Amino acid sequence: VDKHFLNADSGLKSRFPHVWETKNYSPRELVDILKLQIRDSKKWSLDLPAELGIGDLLKANRSLFQRKQYMNGRGTSSLFNNAKLKTVHRVGKRGYKKHVLTLVDFKKAIEEMDEGPMSLGSGRVVTDLPKFQGPRANSV
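For every chain, the first residue of the written sequence is number 1, and numbering continues from 1 onward in sequence order. The model is predicted, so local features are restricted to residues of pLDDT at least 70 and side-chain atom pairs to those at 80 or more, both for listing and for counting; the totals for chains, interfaces and linings are taken over all residues. To obtain the side-chain values, all non-hydrogen atoms of the structure were included, while hydrogens and water were left out.

Engineer: When you look at the packing of aromatic side chains in this model, what are you seeing that I'm missing?
Structural biologist: Ring pairs (aromatic) are described by centroid distance and by the angle formed between their planes. Centres within 6.5 Å make a pair out of two Phe, Tyr or Trp rings, where for Trp the six-membered ring is used; the pair is then stacked when the planes are under 30 degrees apart, edge-to-face when over 60, and tilted otherwise. Using the criterion set out here, one finds zero aromatic pairs in the structure. Criterion for a charge above a ring: Lys NZ or Arg CZ within 6 Å of the ring centre, and within 35 degrees of the ring normal. Above the plane of the ring of F80 lies K84, whose end atom (NZ or CZ) is 4.4 Å from the centre.

Dropping the structure here:
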């Protein structure tokens with residue numbers, strides 16, 4: 001904020017005496033935010049592998065969600081929207097279970113978020129996670 005906004009005009013700093021610095025959300029908090037967005041949509045849900053594996057996927061790609069355009073929870077909205085598009089493309093005209101998001105949909109969405117025009121693509125996203133073995137303690 002200081003670098004781009006408050007320093008643009010010397011009088012602005014005096015008009016905004018309080019500036020709050022916020023930390024990035026943890027992978028666990030991002031999962032909670034994403035699941036809340038999905039639940040609140042009332043049209044979409046996660047299949048079981050996505051429900052159980054999304055935490056590992058977000059944890060493995062933590063650096064993606066620390067980029068300026070995705071920090072502080074904005075990335076979960078982008079991820080949810082991109083995963084919905086991947087689901088629609090995957091299901092196509094078949095139409096069954098149209099509103100069920102899979103872990104593959106999220107993996108493809110993360111790849112696109114890393115490669116898209118606003119991404120600063122690092123090429124370091126992780127989508128090849130170990131095969132899911134069931135719930136683990138402290139997975140996020």
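Additional details are given in the paragraphs that follow.
Engineer: Before we go on, may I ask you to explain the pattern of salt bridges in this structure?
Structural biologist: Here a salt bridge means any side-chain nitrogen of Lys or Arg lying within 4 Å of a carboxyl oxygen belonging to Asp or Glu. Scanning the model with the defined rule gives five salt bridges in all. Among the salt bridges present, the one from D40 reaches R39, with a minimum N-O distance of 3.7 Å. Taking relative accessible area as the criterion, D40 reaches 46% and is therefore assigned partly exposed. In this structure, the salt-bridge partner of D105 is R90, at a minimum N-O distance of 2.8 Å. With D105 in helix 5 (residues 103–115) and R90 in helix 4 (residues 74–91), this pair connects stretches of sequence that are 15 residues apart. Note on exposure labels: buried denotes an accessible area under 20% of the residue type's maximum, exposed denotes more than 50%, and partly exposed covers the range between, all computed with a 1.4 Å probe on protein chains only. Residue R90 is classed as partly exposed on the basis of its relative accessible area, which comes to 34%. For the purposes of this entry, the term helix denotes a DSSP run of H or I that reaches at least four residues, the term strand denotes a run of E that reaches at least two, and both are numbered from the N terminus.

Engineer: Before we go on, may I ask you to explain the packing of helix 2 (residues 27–41) against helix 4 in this structure?
Structural biologist: Packed helix pairs are characterised by how far apart their axes lie and by the angle those axes make with each other. In this analysis, axes come from line fits to C-alpha atoms, helices being fitted only over the stretch in contact, and the angle between any two N-to-C directions falls in the range 0 to 180 degrees. Following both chains from N to C, one finds helix 2 and helix 4 inclined at 50 degrees, their axes separated by 9 Å at the closest point. Relative to helix 4, the element helix 2 lies oblique. For helix 2 against helix 4, the interelement crossing comes out right-handed. On helix 4, the residues touching L30, I33, L34, Q37, I38 and S41 of helix 2 are T76, S77, L79 and F80. Polar here means any residue other than Ala, Val, Leu, Ile, Met, Phe, Trp, Tyr, Cys and Pro, which are nonpolar, and Asp, Glu, Lys and Arg, which are charged; Gly is therefore polar. Counted by class, the contact of helix 2 with helix 4 contains six nonpolar, four polar and no charged residues. When describing relative orientation, an angle under 35 degrees is termed roughly parallel and one over 145 degrees roughly antiparallel, while 65 to 115 degrees is termed roughly perpendicular and anything else oblique. By definition, any crossing whose near helix is turned counterclockwise from its far helix by less than a right angle is left-handed, and any crossing with a clockwise turn is right-handed. Two residues form a contact once any of their heavy atoms are found within 4.5 Å.

Engineer: Could you clarify how one ought to interpret the nonpolar core in this entry?
Structural biologist: It is characteristic of soluble globular proteins that their nonpolar side chains tend to be buried jointly. To define a nonpolar core, start from buried Ala, Val, Leu, Ile, Met, Phe, Trp, Tyr and Cys residues and group those joined through side-chain atoms within 4.5 Å. In this structure, I38, L58, F65, L79, L101 and F106 are the most contacted members of the largest nonpolar core, which totals 22 residues. Secondary structure elements with two or more residues in this core: helix 2, helix 3 (48–60), helix 4 and helix 5. Here this core gets five residues from one element, more than from any other, and that element is helix 5. Once residues lying within four places of it in the same chain are set aside, the contact partners of I38 are W44, S45, L46, F80, L101 and F106.

Just distances and angles here, no functional claims.
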